[in-house]
Amino acid sequence: MRLTAEERSWLGGEAGPALQRAMEIVVALGRIYGAERLIPVESVQISGVSYRNLGEAGLRFLRRWVEEGARVRVPTFLNPTAMDLAAWREQGFDPHFAARQAEIVDLFAQMGVGAGEPMPTCAPYYLARPPRAGSHVAWAESSAVSYANSLLGARTNREGGPGAIAAALTGRVAEYGLHLEANRRPTVTVAVQEPPRTVADFSALGALVGREIGRGIPYFVDLRVEEPLREAKLKALGAAMAATGAVALYHVAGVTPEAAQFTPPAARLTVGSLREGYAMLDEGGDVDLLWVGCPHASLEEIERVAARVAGRRLRRPLWITCSRAVRRVAVEAGWAERIEAAGGRLYADACLAIAPLRDLGIRAVGTTSAKGAFYLRNLAGVAVRFGTLDDLLDSVVS
Ligand code: F3S
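Novice: Any chance you could explain the overall build of the chain here in plain terms?
Specialist: The secondary structure content of the chain amounts to 15 helices and 13 strands. The C-alpha radius of gyration of the chain comes to 21 Å, within 12% of the 21 Å expected for a compact globule of 398 residues. Each principal axis of the C-alpha distribution contributes one length, and for the chain these read about 65 × 55 × 35 Å. Evaluated residue by residue, the chain yields a buried proportion of 59% over its 398 residues. Excluding contacts between residues fewer than 6 apart, the proportion of contacts in the chain whose partners are at least 24 apart in sequence is 78%. Accessible area for the chain stands at about 15600 Å²; split by element, carbon and sulfur atoms hold 49% of it. Looking at the chain, you have 45 positive and 43 negative side-chain charges, and the mean spots of the two groups are 1 Å apart.

Novice: Could you clarify how one ought to interpret the sheet that holds strand β10 (residues 318-322) in this entry?
Specialist: Across a sheet, paired strands are connected by hydrogen bonds in the backbone, their directions being either parallel or antiparallel. With parallel pairing, five strands are arranged side by side in an open sheet as β11-β10-β9-β12-β13. Each having just a single partner strand, β11 (344-348) and β13 (383-386) make up the two edges of the open sheet. Averaged over all neighbouring strand pairs, the angle between strand axes comes to 30°, with direction disregarded. Docked against the sheet, helix α13 (residues 335-342) engages β10 and β11, running at close to 130° with respect to β11.

Novice: What am I meant to see in the packing of aromatic side chains here?
Specialist: What characterises a pair of aromatic rings is the spacing of the ring centres plus the angle enclosed by the ring planes. Summed over the entire model, instances satisfying the criterion amount to 11 aromatic pairs. An angle of 90° between the planes, with centres 6.2 Å apart, marks the rings of Phe220 and Tyr250 as edge-to-face. Of the two residues, Phe220 is situated in strand β6 (residues 218-220) and Tyr250 in the loop between α9 (230-244) and β7 (251-252); the sequence distance between them amounts to 30 residues. By relative accessible area, which is 0% here, Phe220 ends up buried. Exposure remark for Tyr250: the relative accessible area of 0% places this residue in the buried category. Both rings, one in Phe374 and one in Tyr375, keep their centres 5.1 Å apart while their planes meet at 85°; by these two values the pair is edge-to-face. By relative accessible area, Phe374 is classed as partly exposed at 26%. Aromatic rings pair up to connect Tyr51, Phe93 and Phe97 into one cluster. Sitting above the plane of the Trp65 ring, Arg21 keeps its charged end 4.0 Å from the centroid. The aromatic ring of Tyr278 is capped on one face by Arg275, whose charged end is 4.6 Å from the ring centroid.

Novice: Would you mind showing me how to read the pattern of salt bridges here?
Specialist: Two side chains with opposite charge may pair up if their charged atoms get near one another. Counted by the stated rule, this structure contains 25 salt bridges. Arg37 is the salt-bridge partner of Glu175, the closest N and O atoms lying 2.8 Å from each other. One end of the pair, Glu175, is in the loop between β4 (172-174) and β5 (188-192); the other, Arg37, is in the loop between α2 (17-32) and β1 (38-40), with 138 residues separating them in the sequence. Residue classification places Arg37 among the partly exposed residues on the basis of a relative accessible area of 35%. Glu226 is the partner of Arg224 in a salt bridge, and the nearest nitrogen-oxygen pair spans 3.0 Å. Residue classification places Arg224 among the exposed positions, given a relative accessible area of 62%. Taking relative accessible area as the criterion, Glu226 reaches 40% and is therefore assigned partly exposed. When salt bridges with common partners are traced through the structure, they connect Glu6, Glu7 and Arg172 into a single cluster.

Novice: It is not clear to me how the site of the ligand should be interpreted in this structure. Could you clarify?
Specialist: Near the ligand the following residues occur: Pro80, Cys122, Glu141, Ser143, Trp291, Gly293, Cys294, Pro295, Cys351, Ala353 and Lys371. Partitioning the shell around the ligand into residue classes produces seven nonpolar, two polar and two charged.

Novice: What is the right way to look at the domain arrangement of the chain in this model?
Specialist: Often, the extent of an interface is quoted as the loss of accessible area on bringing the components together. For the chain, the assigned domains read domain 1 (5-181), domain 2 (185-279) and domain 3 (282-395). Averaged C-alpha coordinates put domain 1 and domain 2 at centres separated by 28 Å. Each side of the interface is counted separately: domain 1 has 15 residues, and domain 2 has 16 residues. Counting every contact that joins domain 1 to domain 2 gives zero salt bridges. The interface formed by domain 1 and domain 2 contains five residue pairs in polar contact (both at pLDDT 80 or more). By residue class, the composition of the side of domain 1 that touches domain 2 is seven nonpolar, six polar and two charged.

So, how was this worked out
- Residues numbered from 1 in each chain as written.
- Predicted model: local features only at pLDDT ≥ 70, side-chain atom pairs only at ≥ 80, totals over all residues.
- Heavy atoms only, no water.
- Helix = DSSP H or I, 4+ residues; strand = E, 2+ residues; numbered from the N terminus.
- Rg over C-alpha atoms; globule rule 2.2 N^0.38 Å.
- Buried < 20%, exposed > 50% of the residue type's maximum accessible area, 1.4 Å probe, protein only.
- Contact = heavy atoms within 4.5 Å.
- Areas by Shrake-Rupley, 256 points an atom, 1.4 Å probe, with all protein chains shown as cover.
- Lys, Arg positive; Asp, Glu negative; His and termini not counted.
- Charge placed at Lys NZ, Arg CZ, Asp CG, Glu CD.
- Pairing = 2+ DSSP bridges.
- Axes fitted to C-alpha atoms, helices over the stretch in contact; angles between N-to-C directions.
- Phe/Tyr/Trp six-rings, centres within 6.5 Å; stacked < 30°, edge-to-face > 60°.
- Lys NZ or Arg CZ within 6 Å of the ring centre and 35° of its normal.
- Salt bridge = Lys/Arg side-chain N within 4 Å of Asp/Glu carboxyl O.
- Near = heavy atom within 4 Å.
- Nonpolar A, V, L, I, M, F, W, Y, C, P; charged D, E, K, R; others polar.
- Domains from an automatic or database assignment.
- Polar contact = N/O pair within 3.5 Å; in protein donor to acceptor, adjacent residues only side chain to side chain.

Structural data, given as structure tokens:
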């Protein structure tokens, strides 16, 4: 692999042990994937932030980076933690867990993540100016990776935890995978017989397609994506395909920015009824909690929920997860107040799929997200009710 003089000096340890170790990781990844060189990235998103997943070993790993003087070189975002870093008591978290979770975020802050004030979120494209089409980034969370590649036309592989930290410290990634034009071609044409309409429909469709095509790159030929919540529908579609499969890029004819460059591939998948997707995700039954905001909610999604619950009283809590920046605007707009009056809450920083939900006394969760359903069941170990927002809200209205 060709390295610049500066990269060679970092690898040789001339800029300290943290940068040396980061370079070793970036270069090792490049060798594994046959990259010829490293390329600069405009931003990084680091995942693997929950204390539930990292544990004490992960904390020691992060403390070592900080002790060695690790500092990020490019704007770096942080994936959600298990809890709202301010409202964890209200959510029911144990103080020991909360202290450890807060320390993890603080260690990232000391490395300069979020300019020293991380706002953990899986939707970093709502925090800052989103990456431009054709720009290279190194993002880690699978729905954010899909969003960056597919909706924005930026270029990123799905970075692992240490790989993303290494990219943040060096400002570089090895040039392979979806950073290369040739690897962004669609591999499967997808035809959809039952047009999806709601966010949950797009989620169910994504769950079916992801399950069938695994790592492929789908090209949807006849998918209409109408307002309202057009962007949320595409976000849900990508998140679902990344959860039940490993789809990191998809194209929709007439919708996504790179679709016009390609013709539909010969391999073909036809999706019949979306009911199959609902059946795959929905276990039915009553829920302890409704969850909206997987991936983290946009302002449009929060406004919509506020309109739906106005004047109603829910007999189960409704938790909406989003970034702090989005919540701030939702509070100013009065939507948070309307949601709280109905029995809901807006929580920042948090992802329920990586939270110890059973320790919080939560056994069953309702969601409109296929990705949420997939991980609530497989990671958090709780039962899932999957449905449209209206159906879920109707099921818990007093
Ligand atoms: Fe985000 Fe967690 Fe869903 S990271 S995409 S809220 S599973």
